[in-house]
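# A look at the structure
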Amino acid sequence: MAAPSSIPVDLSAAFVMAPSTLGDWLVILPPALMICAGAVLMTVRHRIHLHGWIAIPALVLLLLVDFALLVKVVAGGPVTMTMGRWLPPFGIAFTVDLFGALMCFAAGLVALAAGIGALKDINASGRRYGFFPFLMLLMAGVSGAFLTGDIFNLYVWFEVLLISSFGLLVLGSEREQIDGALKYAILNLIGTTLFLIAVGYLYGVFGTLNMADIALRAREIEGAPLMTLSALFVLAFAMKAASFPVNFWLPASYHTPRITVSALFGGLLTKVGIYALMRVMVMLFPLQREELSLLIGVLAALTLIIAALGMLAQDDIRRVAGYAVIVGIGNMLAGIAVGTVAGLTGALLYALHSILAMTALYLVFGRAAAISGSVSLTKGGGIYRLAPGFAFASLALFLAVSGLPPFSGLWPKIMLVKASLDIGAWWLAAAILLSGFLTTIALARVFLFAYWRPAQALPLAQPGAMTQPGAMTQPAAMTQPEAVAQPEARAQVRSQLGGDAAAAPAAALRSTPAETWPLFALIAIITVFGLFPELPLSLSQSAAEGLVNPAAYIQSVFPQGPAP
Amino acid sequence: METILALLVGAFFAAAVYLILSRHTVRMLLGIVILGNAVNLLIFTAGRLTREVPPIIGASMTTLPSGAANPLPQALILTAIVISFSFFAFLLVLTYRAFQELGTDDTDEMRLAEPKNDPLPPGGY
């Protein structure tokens, strides 16, 4: 039970009225900005033509703020802002270190990409039911989770992002979506409830919820049931991150909503679970993480292998992407299991890569399904001929996701394999390599069937329809007789995938800048990240060092030394 | 006092797990409500339990009187109640919609997102 505080408190510190400097506000700005933008969008919920004009500038602003925050943290170390002068450990503090700032920046990047993609992908009904407000609130939850320094507050941000993700998931109310949403909602709610149980016990043991305070005390305390606590945290966050064996909600639900929503989820939500796992297990409970490292390692290996086999077994490309998300989680868990600075650097670098790559993968698959006319590998085909530039970009992304050179997946994987070999966990390194191999096969097969193979004959084939000028943006495709597509079938698939149902068949293949720019921009970032990995690598390394040795983090929360 | 509450929390958890393991969504929902209440009681028990001294700082005092009840868990529970209630409301609507659309509340029969005879990917062409 929490001990009564009989220690005299120095109240003068709480009455400091000096205004915060402008730089300090950066810590709280990302969630505050997103909540305000969400509120404004709510008020104009029915004027859907305004949504894009409000949401996109807000997301650009978010990205700028995230970038400024990252620069500030790189330059000056962790930043803390206390709400309402309730000094730590009593009040809610927002504390951002390099780890949080990096994740926040990557999240801002994909949110902007998804927001721009949504301008085309989300139709009028999706907007009327509030896609953009939900997107803003989701980003508020995600940024809040990355920036907060209080563990109960982390739970609250988890719930904020969870309820917005429910809203996004059921947008459109297809029967398939409701089925997927039910499973997603119930299992994720149980996951966060497990987290809340752990928070309750944590408060019972430590009497504090401030992460810096807990990090200080967890290293001293003896005889408390900290193993039980950390096991609960591992279970709760593994469930959020979709690690084997608590991953089954992800392939059941992530392929059901509109492809932009899937892209956002694939990029962001599971990574918040990984972030929380790293924050809690590495920074707060390093000794317990060491004890549990074998368990986490076995989970990581099983996640890697089973998810890679899952990728091989799917016909629906969106579900291939779902399992690809889980493979990435396995890689990050492997880094946490290793637990050395090298391993954590690998995990963090992989998380950054995965946020970008998974969003891009879903967007690419959505576009691929629109071009080839089917989400099924059995039925689709012919993309290479219809859109060679897009096919080339997709191949680059597939290589990045598989972890092949020269793209961004390679470097974290090398670090992870080397880190696990360094501690003698050869089986973990073998699992990482084997799952990388299986991933390569699965994605190569997608490329083979959906891209290289000539378009399959669909019952709705109408060769004459393609003679209209402007049916496609790629003029080369017009001259290819095999490329004669099935515009109506494609328009149908497109409308299922989130295109405008009223679009004319001929318009089905026309790509708009809103659809292609974010996708190509993400792939370009991934490529640059792969070719010049020094900067992200060195940033991740200092972030991992900051996690292993949180002295700077604690110093930032308690500038006058630890609380009594 | 703590012992009684701990036993109550245990009983709540047992009932919640039993209900959540059911195949029927309505029972699962009841399980989730009980789980939420169990967690709230758990947080309450994790604080300092007293009946005598309310957590109020009087006009002449600067800190809480010794032996006062702990106000923090109550603030936490208040937040958790609001959250779990709103989630329950959402899930209730979702379950009702699922029952309307899918015609069943048995999760074994909800196979739309993951069809039972999902085709395997082609082996070659």
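Rules used throughout
- Residues numbered from 1 in each chain as written.
- Chains lettered and ligands numbered in written order.
- Predicted model: local features only at pLDDT ≥ 70, side-chain atom pairs only at ≥ 80, totals over all residues.
- Heavy atoms only, no water.
- Helix = DSSP H or I, 4+ residues; strand = E, 2+ residues; numbered from the N terminus.
- Buried < 20%, exposed > 50% of the residue type's maximum accessible area, 1.4 Å probe, protein only.
- Contact = heavy atoms within 4.5 Å.
- Areas by Shrake-Rupley, 256 points an atom, 1.4 Å probe, with all protein chains shown as cover.
- Rg over C-alpha atoms; globule rule 2.2 N^0.38 Å.
- Buried area = accessible area lost by both parts, 1.4 Å probe.
- Salt bridge = Lys/Arg side-chain N within 4 Å of Asp/Glu carboxyl O.
- Polar contact = N/O pair within 3.5 Å; in protein donor to acceptor, adjacent residues only side chain to side chain.
- Nonpolar A, V, L, I, M, F, W, Y, C, P; charged D, E, K, R; others polar.
- Axes fitted to C-alpha atoms, helices over the stretch in contact; angles between N-to-C directions.
- Parallel < 35°, antiparallel > 145°, perpendicular 65-115°, else oblique.
- Expected span 1.5 Å × (residues − 1).
- Patch = residues over 30% accessible without salt bridge, like charges linked within 9 Å, V, L, I, M, F, W, Y side chains within 5 Å.
- Phe/Tyr/Trp six-rings, centres within 6.5 Å; stacked < 30°, edge-to-face > 60°.
- Disulfide = S-S within 2.5 Å.
- pLDDT = per-residue confidence, 0-100.

The subject of this paragraph is the overall build of chain A. The helix and strand inventory of chain A stands at 22 helices and 2 strands. Of all 564 residues assigned to chain A, the portion counted as buried reaches 62%. Across chain A, the fraction of contacts at a sequence separation of at least 24, relative to all contacts at a separation of at least 6, is 81%. Total accessible area on chain A is roughly 19,500 Å²; 70% of this is exposed by carbon and sulfur atoms.

Glancing now at the overall build of chain B. Helix and strand counts for chain B stand at 3 helices and 0 strands. Across chain B, helices and strands are ordered from the amino to the carboxyl terminus as α-α-α. In terms of overall size, chain B is more extended than a compact globule, its C-alpha atoms giving a radius of gyration of 22 Å where 125 residues would be expected to give roughly 14 Å. For chain B, the proportion of its 125 residues judged to be buried stands at 37%.

What follows covers the interface of chain A and chain B. Taken together, the contacts link 52 residues of chain A with 45 residues of chain B. Summing the contributions of chain A and of chain B, the shared interface buries around 4,300 Å²; its carbon and sulfur component is 75%. When residues of chain A are sorted by the area they lose upon contact with chain B, Arg175, Leu182 and Tyr203 of chain A head the list and together hold 14% of the total. Summed over the shared surface of chain A and chain B, the number is 2 salt bridges. Two residues, Arg319 of chain A and Asp118 of chain B, come together in a salt bridge whose shortest N-O distance is 2.8 Å. Along the contact surface separating chain A from chain B lie 7 residue pairs in polar contact (both at pLDDT 80 or more). Within the residue set of the side of chain A that touches chain B, elements represented by two or more residues are α6 (151–169), α7 (175–206), α10 (249–253) and α18 (426–452) of chain A. With 19 residues, α7 of chain A is the single largest residue contributor to the side of chain A that touches chain B. For the side of chain A that touches chain B, the class distribution of residues is 33 nonpolar, 10 polar and 9 charged.

Turning our attention to unusual backbone geometry. Residue and element names in this part refer to chain A. The omega torsion of the bond from Phe244 to Pro245 falls at 0 degrees, within 30 degrees of zero and hence cis. Following the sequence through the fold, Pro245 ends up in the loop between α9 (226–241) and α10. Residue Pro405 is joined to Pro406 through a cis peptide bond whose omega torsion reads 0 degrees. Locating Pro406 in the fold gives a position in the loop between α16 (388–402) and α17 (410–422). Of note, Ala242 is a non-glycine position whose phi angle comes to about 65 degrees, a positive value.

All names here are of chain A. Where helix α3 (residues 98–121) contacts helix α14 (residues 341–372), the axes come no closer than 9 Å and their chain directions differ by 10 degrees. Comparing their axes, α14 and α3 come out roughly parallel. Of the residues in α14, those touching α3 at Phe99, Leu102, Met103, Ala106, Ala107, Leu109 and Val110 are Leu348, Ala351, Leu352, Ile355, Leu356 and Thr359.

Attention shifts here to the pattern of salt bridges. Counted under the stated rule, the structure contains 10 salt bridges over all chains. The salt bridge partner of Asp179 of chain A is Lys183 of chain A, with a shortest N-O separation of 3.1 Å. Of this pair, Asp179 of chain A and Lys183 of chain A both sit in helix α7, 4 residues apart, which is roughly one turn of the helix. Across the pair, exposure class does not vary: Asp179 of chain A and Lys183 of chain A are buried alike. The closest approach of N and O atoms between Lys418 of chain A and Asp422 of chain A, which form a salt bridge, is 3.2 Å. Highlighted residues: Lys418 of chain A and Asp422 of chain A, both in helix α17, separated by 4 residues, approximately one helical turn. In this structure Asp422 of chain A comes out as exposed when scored by relative accessible area, which is 54%. One connected set of salt bridges, linked through shared partners, spans Arg319 of chain A together with Glu114 and Asp118 of chain B.

Now for helix α5 (residues 131–147) of chain A. The end-to-end C-alpha distance of α5 of chain A, which contains 17 residues, comes to 24 Å, matching closely the 24 Å that a straight helix rising 1.5 Å per residue would cover. Among the 17 residues that make up α5 of chain A, 15 are buried, leaving the element largely enclosed by the rest of the structure.

Taken together, the side chains of Leu294, Val298, Leu302 and Ile306 of chain A make up a nonpolar region of the molecular surface, amounting to roughly 310 Å² of accessible area. Its location among the elements puts Ile306 of chain A in helix α12 (residues 286–312).

Residues and elements named next belong to chain A. Inspection of every chain in the model, using the stated rule, returns 28 aromatic pairs over all chains. When the centroid spacing of 5.7 Å and the interplanar angle of 50 degrees are considered together, the rings of Phe67 and Phe105 count as tilted. Within this pair, whereas Phe67 is found in helix α2 (residues 48–76), its partner Phe105 is found in helix α3, the two being separated by 38 residues in sequence. Exposure remark for Phe67: the relative accessible area of 44% places this residue in the partly exposed category. Pairing Tyr184 with Trp249 gives two aromatic rings, centres 5.5 Å apart and planes at 70 degrees, and the pair type is edge-to-face. You can see Tyr184 sitting in helix α7 and its partner Trp249 sitting in helix α10, a full 65 residues away along the chain. A single burial state applies to Tyr184 and to Trp249, both of which are buried.

Secondary-structure assignment places Phe90 of chain A in the loop between β1 (79–82) and β2 (93–96). The spatial distance from the C-alpha of Phe90 of chain A to the C-alpha of Leu209 of chain A is 8.0 Å, given a sequence separation of 119 residues.

Residue and element names in this part refer to chain A. Tallied over the entire structure, the rule returns 0 disulfides over all chains. Among the cysteines around Cys36, which has no disulfide bond, Cys104 carries the closest sulfur, lying 16 Å off. When its relative accessible area of 47% is taken as the criterion, Cys36 is described as partly exposed.

Looking now at the side chain of Asp213 of chain A. Looking at the element boundaries, Asp213 of chain A is found in helix α8 (residues 211–218). Owing to a relative accessible area of 2%, Asp213 of chain A belongs among the buried residues under this scheme.

Okay, the confidence of the model for chain A next. All names here are of chain A. For chain A, per-residue confidence averages 84 on the pLDDT scale, and residues scoring 70 or more make up 86% of the total. Below pLDDT 50 for its whole length, residues 1–6 participates in 14 contacts with residues either more than four positions away or in separate chains. Counting interchain partners and residues more than four positions distant, the pLDDT-below-50 stretch residues 498–507 has 15 contacts.

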